[in-house]
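Residues per chain, in single letters:
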Amino acid sequence: MMGDACAVCHVRWPRPRHPLGDSPEGGELYGCDECAGFLAGHEDSHENGHLLEHALVAH
């Protein structure tokens, strides 16, 4: 089921609640508090459009 785990670190509990973006298939990606905070802390980065993509690939 989509949204059962963090899109970045795959933690399942507590269930991720922060929307991070959309998957290539069109589903919404969710993140845990820590990963969502990390991504939000870098919103002003010049790589903002690709930050989620880099986080997912780096994992």
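Rules and cut-offs
Along each chain, residue indices are assigned from 1 in the same order as the chain's sequence is written. Note on the predicted model: pLDDT of at least 70 is required for a residue's local features to be given, and 80 or more for side-chain atom pairs to be given and counted; whole-chain, interface and lining totals, by contrast, use all residues. Here the side-chain values reflect all heavy atoms present in the structure, with hydrogen atoms and water set aside. Whether a residue is buried, partly exposed or exposed follows from its accessible area with a 1.4 Å probe, protein chains only, as a fraction of its type maximum: under 20%, in between, or over 50%, in that order. For helices the rule is a DSSP run of H or I covering at least 4 residues; for strands it is a run of E covering at least 2, with both sets numbered from the N terminus onward. At least two DSSP bridges between two strands are required for those strands to pair. The score called pLDDT rates the predictor's confidence residue by residue, from a low of 0 to a high of 100. By nonpolar core we mean a set of buried residues, namely Ala, Val, Leu, Ile, Met, Phe, Trp, Tyr and Cys, connected to one another through side-chain atoms within 4.5 Å. Contact between two residues is taken to exist if any of their heavy atoms lie within 4.5 Å; hydrogens are not considered.

**What to know about the pairing of strand β2 (residues 28–31)**
Okay, so step 1: Of the two faces of β2, only the one carrying Leu-29 and Gly-31 is buried; Glu-28 and Tyr-30 on the other face are not.
Okay, so step 2: Bridging between strand β1 (residues 18–22) and β2 involves four bridges; their strand directions are antiparallel. Bridged to Asp-22 within β2 is Glu-28.
Okay, so step 3: Remark: five residues form the turn of the hairpin made by β1 and β2, two consecutive strands paired antiparallel; Gly-26 in that turn has positive phi of roughly 100 degrees.

**Quick notes on the confidence of the model for the chain**
Okay, so step 1: Per-residue pLDDT for the chain averages 77, and the proportion of residues at 70 or more is 63%.
Okay, so step 2: Helix α2 (residues 51–58) is the least confidently modelled element of the chain, averaging 60 in pLDDT, while β2 averages 90, the highest of any element.

**A look at the nonpolar core**
Okay, so step 1: If you look at the biggest cluster of nonpolar residues, it comprises nine residues: Cys-6, Ala-7, Val-8, Leu-20, Leu-29, Cys-32, Cys-35, Ala-36 and Leu-39.
Okay, so step 2: The residues touching Cys-6, leaving out its near neighbours within four places in the chain, are Val-11, Pro-16, Tyr-30, Gly-31, Cys-32 and Cys-35.

**Structural notes on the environment of Arg-15**
Okay, so step 1: Here Arg-15 lies in the segment before β1.
Okay, so step 2: Exposure remark for Arg-15: the relative accessible area of 41% places this residue in the partly exposed category.
Okay, so step 3: Taking the C-alpha atoms as reference points, Arg-15 and Ala-5, 10 residues apart in sequence, are found 6.5 Å from one another.

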